[in-house]
There are 2 protein chains.
Amino acid sequence: MKRSGLLLFVLAIAACSPPDSSAPSSSPGTAVNADPLPSWNAGPSRDAIVDFVQRTTTPGSPDFIPVAERIATFDNDGCLWSEQPAYFQLAFAIDRSKMLAAHSPELAENPLLKALASGDPAALETVTEHDVIELVAATHSGMTLEEFQDVVANWFAVARHPRFNVPYSQLVYQPMLELLDYLRAHEFKTFIVSGGGVDFLRVFAEQAYGIPPEQVVGTMGDTKFEIRDGNPVLIKQPGINFVDDKEGKPVGIARFIGRRPVFAFGNSDGDLQMLQYTAGGDGARFMGYVHHDDAEREWAYDRDSHIGRLDKGLDEATERGWTVVSMKDEWKKIYPGEGLP
Amino acid sequence: MKRSGLLLFVLAIAACSPPDSSAPSSSPGTAVNADPLPSWNAGPSRDAIVDFVQRTTTPGSPDFIPVAERIATFDNDGCLWSEQPAYFQLAFAIDRSKMLAAHSPELAENPLLKALASGDPAALETVTEHDVIELVAATHSGMTLEEFQDVVANWFAVARHPRFNVPYSQLVYQPMLELLDYLRAHEFKTFIVSGGGVDFLRVFAEQAYGIPPEQVVGTMGDTKFEIRDGNPVLIKQPGINFVDDKEGKPVGIARFIGRRPVFAFGNSDGDLQMLQYTAGGDGARFMGYVHHDDAEREWAYDRDSHIGRLDKGLDEATERGWTVVSMKDEWKKIYPGEGLP
């Protein structure tokens, strides 16, 4: 039986119970301040960011980049928001499939769902990767794009993260929100380039990050155009059309953006090719990694993690002098909400 | 032997010789004028455009559309520039393949190239669609994305249109340039959604239309990420990954833009699904067709044309009250250049 990273995420999320304490839910807010990056401590990452933006946007500077070429790309999971104990989209898929199973005898027989329902760790051990993929496919297809996005929006409204007991959308990184704003204030165009599903991402990216749907690149399935009861709609199909991860990230950038980024941020080996591609262009470039080294306020993981593994990328970043952000040392605050670290 | 539309285009372009007269080449320019649409005659199309923009961008109007949702999509061939006697991209492919054939014995054996070289109409009759596809594939793959785009840029610099004897990039429609500017002045985001190749389109769309690469959706092949001699590059692969035509247009819109347009312009049945999809949303919508009815200044063709056929679309536009622009009656001028109609 093949045990994949995807399956391990499921085991991780299934093993994680919500805390008893009910932390107060708070809404995100960004401080208006003369300092554009108030949640960043003085340090090498902050210096490198400010230096790059000043060099590339000051007219007459030898490193000046014309506005049209100021393309900045960001990974999402683990870079703009948390990704533990499992990718948030997988938490969505599991919640969704539980609901669907009540109306679908076939889906109710899915071994993963049965194992989750039993609460028996031994049962989870028998689940295959195929079971997981079937479950995700069943929860992400067979409806119109707009119906799917309504389902996602509803999930965001009710689901709570097991550790922090707040909506998942509150677990975005305050320092990265400030960085996005700072770049846009200097006329960089900000994009998400994520291994996550594009139709899922587009539901919250605009509100959470100020990144509109047309600037979100992600993994995608097929859709089919139909006239249904006189209404033209797009129906989501099962199966994956494009995987926007690893080598897929520069391919997705070329396909959707058509221009090599000058600024790219990630947090894992899955982002390495995007950073390499960014670094390979002419002129001034910025490559950055968020390093998860804060077990107390967030999570600490890198070389041996089954989620967001950062191993080869960490070596290459060190060797080439890319920016590696220590969350522990360089971020004053992790999340925007007042009750959160 | 299967005779396709694509093959017919080749025959058309092969049969068309450049004129003897060498019309002076002139550079495009847009008049600065209080009238935002100076090349549009007063008439139903101009009225419909201005009315729509005013209704949807005036705060407090019942038809007001928030800025983020002001997505306007345009077909390219036959909508923003001419497409006769054959799609300009096919003219590029033929020119390119002639040059490549000099260095490739295999390509030199391609029946289409041999037929074109012979100048014998009977030889052209034996060419198959497969020969045409092979030729296009050979001219659009096996190099890096940046190399391909350099080749396209060089072609635009030297190639001349057979009828007007000017660079192809001068055969953009002046009234549509004004319309794009007018929409952008009212904070619409303008996109190309074309059956043409996206990597070809992106070479000229920014300069010709003010539409940046990341707002161009088109037909695309696969690319592969590689580190070549230490440089990270994307290599164009043979074969088609996505056809952005007919049902593919709304699919491409959902995939790349992620939002249903509120304004869409086309000129053929290949744009009908994009217009239907646009019409299917809530609130105010604008659907328009450019109707090629000006044989003197441009070309006249619709229901029976093998290029840009407008048949079902014309019926549906008439039935549903969509805008149908008569180039002959409603456009004062076709092209920007002074020596051109």
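Residues numbered from 1 in each chain as written. Chains lettered and ligands numbered in written order. Predicted model: local features only at pLDDT ≥ 70, side-chain atom pairs only at ≥ 80, totals over all residues. Heavy atoms only, no water.

Draft legend 1. Representation of the packing of aromatic side chains. This structure, assessed with the given rule, holds 61 aromatic pairs over all chains. For the pair Y173(A) and Y335(A), a centre-to-centre distance of 6.2 Å together with 25 degrees between the ring planes defines the contact as stacked. Note that Y173(A) is positioned in the loop between α8 (145-158) and α9 (174-185) and Y335(A) in the segment after α14 (327-330), a separation of 162 residues in sequence. One exposure class covers both Y173(A) and Y335(A), and it is buried. Within the aromatic cluster, the residues linked to one another by ring pairs are W81(A), F88(A), F92(A), F148(A), W155(A), F156(A), Y168(A), F200(A), F204(A) and Y209(A). One Lys or Arg, R163(B), reaches over the ring of W299(B) and ends 4.7 Å from the middle of that ring. For the cation-ring pair, R255(B) lies above F242(B), with the distance from its terminal atom to the ring centre recorded as 4.6 Å. (Phe/Tyr/Trp six-rings, centres within 6.5 Å; stacked < 30°, edge-to-face > 60°. Helix = DSSP H or I, 4+ residues; strand = E, 2+ residues; numbered from the N terminus. Buried < 20%, exposed > 50% of the residue type's maximum accessible area, 1.4 Å probe, protein only. Lys NZ or Arg CZ within 6 Å of the ring centre and 35° of its normal.)

Draft legend 2. Seen up close, the domain arrangement of chain A. Residue and element names in this part refer to chain A. Taken domain by domain, chain A consists of domain 1 (34-85 + 168-341) and domain 2 (87-161). Between the C-alpha centres of domain 1 and domain 2 there is a distance of 27 Å. The interface of domain 1 with domain 2 comprises 26 residues on the first partner and 20 residues on the second. A buried area of about 2,100 Å², summed over both sides, lies between domain 1 and domain 2, and 72% of it is on carbon and sulfur atoms. On the domain 1 side of the contact with domain 2, Y168, F200 and K236 bury the most area, a combined 41% of that side's loss. The interface formed by domain 1 and domain 2 holds 0 salt bridges in total. Where domain 1 meets domain 2, there are 6 residue pairs in polar contact (both at pLDDT 80 or more). (Domains from an automatic or database assignment. Contact = heavy atoms within 4.5 Å. Buried area = accessible area lost by both parts, 1.4 Å probe. Salt bridge = Lys/Arg side-chain N within 4 Å of Asp/Glu carboxyl O. Polar contact = N/O pair within 3.5 Å; in protein donor to acceptor, adjacent residues only side chain to side chain.)

Draft legend 3. Quick peek at the interface of chain A and chain B. At the interface, 35 residues of chain A touch 35 residues of chain B. Here chain A and chain B share an interface that buries about 3,000 Å² over both sides, 51% of which is from carbon and sulfur atoms. By the criterion of area lost to chain B, the three top residues of chain A are E214(A), F225(A) and R255(A), representing 23% of everything that side buries. In this assembly, chain A and chain B are joined by 10 salt bridges. The partner of E214(A) in a salt bridge is K189(B), with the nearest N and O atoms 3.0 Å apart. Connecting chain A to chain B are 20 residue pairs in polar contact (both at pLDDT 80 or more). By residue class, the composition of the side of chain A that touches chain B is 17 nonpolar, 7 polar and 11 charged. (Nonpolar A, V, L, I, M, F, W, Y, C, P; charged D, E, K, R; others polar.)

Draft legend 4. Expanded view of the sheet that holds strand β6 (residues 286-291) of chain B. All names here are of chain B. Pairing within the open sheet is mixed, and its 7 strands lie in the order β4-β3-β2-β1-β5-β6-β7. This sheet does not close on itself; its edge strands, each paired only once, are β4 (231-242) and β7 (323-326). For this sheet, the mean angle separating the axes of adjacent strands, direction not counted, is 30 degrees. Where strand β5 (residues 263-266) meets β6, 4 bridges bridge the pair, whose relative direction is parallel. From the neighbouring strand, F263 faces β6, where its bridge partner is F286. Each of β2 (189-197), β3 (216-228) and β4 touches helix α10 (residues 198-209); the most contacted strand, β3, lies at about 115 degrees to it. (Pairing = 2+ DSSP bridges. Axes fitted to C-alpha atoms, helices over the stretch in contact; angles between N-to-C directions.)

Draft legend 5. The packing of helix α2 (residues 44-57) of chain A against α9(A), seen in detail. Residues and elements named next belong to chain A. Where α2 contacts α9, the two axes come as close as 11 Å, and the packing angle between them is 15 degrees. Comparing the axis directions of α2 and α9 gives the class roughly parallel. Judged by the sense of rotation from one axis to the other, the crossing of α2 with α9 is right-handed. For the pair α2 and α9, contact is made by I49, V50 and V53 and by L179, Y182 and L183, respectively. Residues belonging to the contact of α2 with α9 are distributed by class as follows: 6 nonpolar, no polar and no charged. (Parallel < 35°, antiparallel > 145°, perpendicular 65-115°, else oblique. Left-handed = near helix turned anticlockwise from the far one by under 90°.)

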